[in-house]
Amino acid sequence: MVSFENPILPGFYPDPSICRVGEDYYLVNSSFEFFPGVPLWHSRDLLHWEQLGHVLTRPSQDPLEGCRASGGIFAPTIRHHNGRFYMVTTNVSAGGNFFVWADDIRGPWSEPITIKQGGIDPSFFWDDDGTVYFQSTFGDINGQCIGQCVVDLETGEMLTETRPIWHGTGGKCPEGPHMYKINGKYYLMIAEGGTEYGHMETIARSDSPWGPFESCPRNPILSHRDINPRTGIPQGLGHADLVEDQNGQWWIVFHGIRPSQFMLHHMGRETMIAPVDWDKDGWPVVNGGKPIENPMTVPTPPNYQEKPVDNKAWKDCFQGPELDRRWAYLRNPVLENYSLGNGLTLRGAAVTLDDCASPTFVGVRQGEFCSQVEVSLTVDQLAEGARLGLSVFHVPQHHYDLFVTRREGQLCAVLRRRVVDMVVESAPVALPEGQPIQLRIDSARLGYTFYAGAAGQPLAQVGTGCTQLLSTEVTICTFTGCFYGMFAEGASQGTFQEFTFTPLPEEA
């Protein structure tokens, strides 16, 4: 037995899907309006993961122009069949359901192949005879359900009409279907209850992929809907996928949220994992029927090796030809506004972080309540009112921006807090000309503190902002989480160097 802590992927990494190929495991997540699309991960032991990159790396695969907040790419599924990888997903803002394929997990991945069945959260299932079944959400006279058709993987053509196969157990929003054939039975696992505090995972089985499906008598098999959020236990558990390791042990990956305080969370839905056993009647039992708590003690997975404790600190000096895989743009980037060399140079544009467009912005997901991010900035060009800075970004209507600007010709730092239609700016803090500027954000469970000053000198506190107003529950039903991002707006150009992320101990 080994102990570990959930989440295995901290920060905004929701809707996990997993597959195993030999001794290797691959996992993908939703990406919504952020680009590149569909983060792609690899592991040998299910508990330690390395990001390989992304599946959707070209705008032709992931068009996001004008994509609304929490639009774009929903709920991917990854599968491997006959030596080929398949990733199927939905672009709710452009084109609907589609899949891409690759013979090498690292790509290149194909151009999208459209499947005309509507709905979201698509998945593939291959039966023993080679028939490829496609599931997604569907609607009939009885409401939302899971629909299914047979497809041709060469063309994406639907070979049958869509038929409803299961309406779930009565929870709202039955979605996230995955089908498995286990011991001759067809199991259909779905999410219900909405991806909120009533989220849950349910399962049913049948002798046919078309049903009728018998519901597990213990449904939901995974949920914390009846556990008080004040306990500190993860909430909103659901949208799961099953995998069997090479030793015959089953596992379930799913997402959950870590509230900052009662009924509020701001880091998004995060990927978690738990062991699965099967009872005498052939139904899955997640984590021995116990809640998902930390630390988790689980059967030792294959290839597990004790590793030094990862303090999760990292630094990026922007010296390579490409950005680190952690970074993401807002929608499809205008690439001429970004250049790498001796640092990362950003050039401002007319669009800003307030716009549903492609501002000059590149960010990493916030994955710890308590941390410090810091970056050095050299101002190359900065007109009156233009901005270069560091943001805690959730959506265009909710973000806190620490930026360098000019006010009446004076170089200064300002904190701007945007919450819905309210904008509050701090008093400007004067900065010296011709010197690198240091920007820093210290985060805690309930708030952020922002600092600026000349590099190598004591920094001045510019202002503070509470996490509450960047929480999902305060926004318009977002599916994403907070990012730390560098940005440029207006007639500006700046070179960012030595971005550092350092976890901090949480205060008692």
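Computed from a predicted structure; not experimentally measured. (Residues numbered from 1 in each chain as written. Predicted model: local features only at pLDDT ≥ 70, side-chain atom pairs only at ≥ 80, totals over all residues. Heavy atoms only, no water.)

Peer 1: What is the right way to read the overall build of the protein from this model?
Peer 2: A count of helical and extended segments in the protein gives zero helices and 40 strands. Summarising its shape, the C-alpha atoms of the protein cover approximately 75 × 50 × 45 Å along the three principal directions. The burial tally for the protein puts 60% of its 508 residues in the buried class. Of all intrachain contacts in the protein linking residues separated by at least 6 positions in sequence, the fraction that spans at least 24 positions is 57%. (Helix = DSSP H or I, 4+ residues; strand = E, 2+ residues; numbered from the N terminus. Buried < 20%, exposed > 50% of the residue type's maximum accessible area, 1.4 Å probe, protein only. Contact = heavy atoms within 4.5 Å.)

Peer 1: I would appreciate a short explanation of the layout of surface pockets in the present structure.
Peer 2: To find leftover empty space, a probe the size of one water molecule is rolled over the atoms. Of the volumes computed, that of the largest pocket is approximately 1,800 Å³. For the lining of the largest pocket, the elements supplying multiple residues, two or more each, are β1 (2-4), β6 (50-56), β29 (360-365) and β40 (492-503). When its residues are assigned to classes, the lining of the largest pocket shows 24 nonpolar, eleven polar and 15 charged. Roughly 720 Å³ of volume is contained in the second largest pocket. Lining the second largest pocket are 30 residues; nearest its centre among them are P36, H54, T57, E322 and L323. Looking at the lining of the second largest pocket, the elements with two or more residues in it are β6 and β27 (338-341). Sort the elements by how many residues they give to the lining of the second largest pocket and β6 lands first, with four residues. Here the residues of the lining of the second largest pocket sort into 18 nonpolar, seven polar and five charged. (1 Å grid on protein atoms, 1.4 Å probe; cavity = no way out; pocket = protein on both sides within 12 Å on 5 of 7 lines; lining within 4 Å. Points joined across faces, edges and corners; volume = space filled by probe spheres on them. Nonpolar A, V, L, I, M, F, W, Y, C, P; charged D, E, K, R; others polar.)

Peer 1: How should I be thinking about the environment of K172 in this particular structure?
Peer 2: Assignment of secondary structure puts K172 in the loop between β14 (163-166) and β15 (175-182). Between the C-alpha atom of K172 and that of E433, which follows or precedes it by 261 residues, the distance is 57 Å. Once residues lying within four places of it in the same chain are set aside, the contact partners of K172 are E192, G193, G194 and E196. A distance of 3.0 Å separates a polar atom in the side chain of K172 from a polar atom in the side chain of E196. (Polar contact = N/O pair within 3.5 Å; in protein donor to acceptor, adjacent residues only side chain to side chain.)

Peer 1: I would appreciate a short explanation of the sheet that holds strand β10 (residues 113-114) in the present structure.
Peer 2: Hydrogen bonding along the main chain pairs the strands of a sheet, whether they run parallel or antiparallel. The strand order across the open sheet formed by four strands is β7-β8-β9-β10, and the pairing between neighbours is antiparallel. Every other strand in the sheet has two partners, leaving β7 (73-81) and β10 as the edge strands with one partner each. With seven bridges connecting them, strand β8 (residues 84-91) and strand β9 (residues 96-102) associate as antiparallel partners. Of the residues in β9, the one forming a bridge with N91 is G96. (Pairing = 2+ DSSP bridges.)

Peer 1: Is there a simple way to think about the pairing of strand β13 (residues 143-150) in this case?
Peer 2: Strand residues, when the strand is regular, have side chains that alternate between the two faces of the sheet. Counting buried positions over the eight residues of β13 gives six, a clear majority of the element. As paired elements, strand β12 (residues 132-140) and β13 share eight bridges and run antiparallel to each other. Its bridge partner lying in β13, G139 is registered against Q144. Linkage of β12 to β13, two consecutive antiparallel strands, is achieved through a turn of two residues. Sheet topology note: the β13/β14 ladder contains three bridges and is antiparallel. Bridging across to β14, Q148 finds its partner in R163.

Peer 1: Please clarify how the side chain of E270 should be interpreted in this entry.
Peer 2: Assignment of secondary structure puts E270 in strand β22 (residues 270-278). Within the local environment of E270, its side chain forms a polar contact with the side chain of R258, the two groups lying 2.6 Å apart. Those residues within four positions of E270 in sequence are excluded, and the remaining contacts are P7, L9, P10, G11, Y13, F254, H255, G256, R258 and G367.

Peer 1: What should I look at first to understand the sheet that holds β12 in this one?
Peer 2: With antiparallel pairing, the four strands of this open sheet are ordered in space as β11-β12-β13-β14. Edge positions in the open sheet fall to β11 (123-126) and β14, since each of these has one partner strand only. The average undirected angle you get between the axes of adjacent strands in this sheet is 45 degrees. (Axes fitted to C-alpha atoms, helices over the stretch in contact; angles between N-to-C directions.)

Peer 1: What am I meant to see in the packing of aromatic side chains here?
Peer 2: Under the defined criterion, the tally for this structure stands at 30 aromatic pairs. Ring centres of Y86 and F99 lie 6.3 Å apart, and the angle between their planes is 50 degrees; this geometry places the pair in the tilted category. Pair noted here: Y86 is in strand β8 and F99 is in strand β9, with a separation of 13 residues, a long-range link. An angle of 85 degrees between the planes, with centres 6.1 Å apart, marks the rings of Y187 and W283 as edge-to-face. Residue Y187 is found in strand β16 (residues 185-192), and its partner W283 is found in the loop between β22 and β23 (284-286); the two are separated by 96 residues along the sequence. Look at W283 and you get buried, because its relative accessible area is 2%. Here the aromatic cluster, defined as three or more aromatic residues joined through ring pairs, consists of F12, F32, F34, F74, F479 and F483. (Phe/Tyr/Trp six-rings, centres within 6.5 Å; stacked < 30°, edge-to-face > 60°.)

Peer 1: Help me out: how do you make sense of unusual backbone geometry in this one?
Peer 2: What is expected of a backbone is that most residues other than glycine have negative phi and most peptide bonds are trans. Residue P108 is reached from G107 by a cis peptide bond, and omega for that bond is 5 degrees. Structurally, the position occupied by P108 is in the loop between β9 and β10. A cis amide bond links G211 to the next residue, P212, at an omega of 5 degrees. The topology assignment puts P212 in the loop between β17 (200-206) and β18 (214-215). One non-glycine residue with positive phi stands out, namely F32, at about 55 degrees. The residue F32 is located in the loop between β3 (24-28) and β4 (34-35) in this model. The phi dihedral of S70 falls on the positive side, at around 65 degrees, and the residue is not glycine.

Peer 1: So what exactly am I meant to see when it comes to the nonpolar core here?
Peer 2: Across soluble globular proteins, you tend to see nonpolar side chains buried next to one another. One finds L439, Y448, Y484, M486 and F499 to be the most contacted residues of the largest nonpolar core, which totals 44 residues. Of all hydrophobic cores here, the second largest spans 39 residues; its members include Y25, I221, L242 and V276. (Core = buried A, V, L, I, M, F, W, Y, C linked by side-chain atoms within 4.5 Å.)

In short, geometric facts, not functional conclusions.
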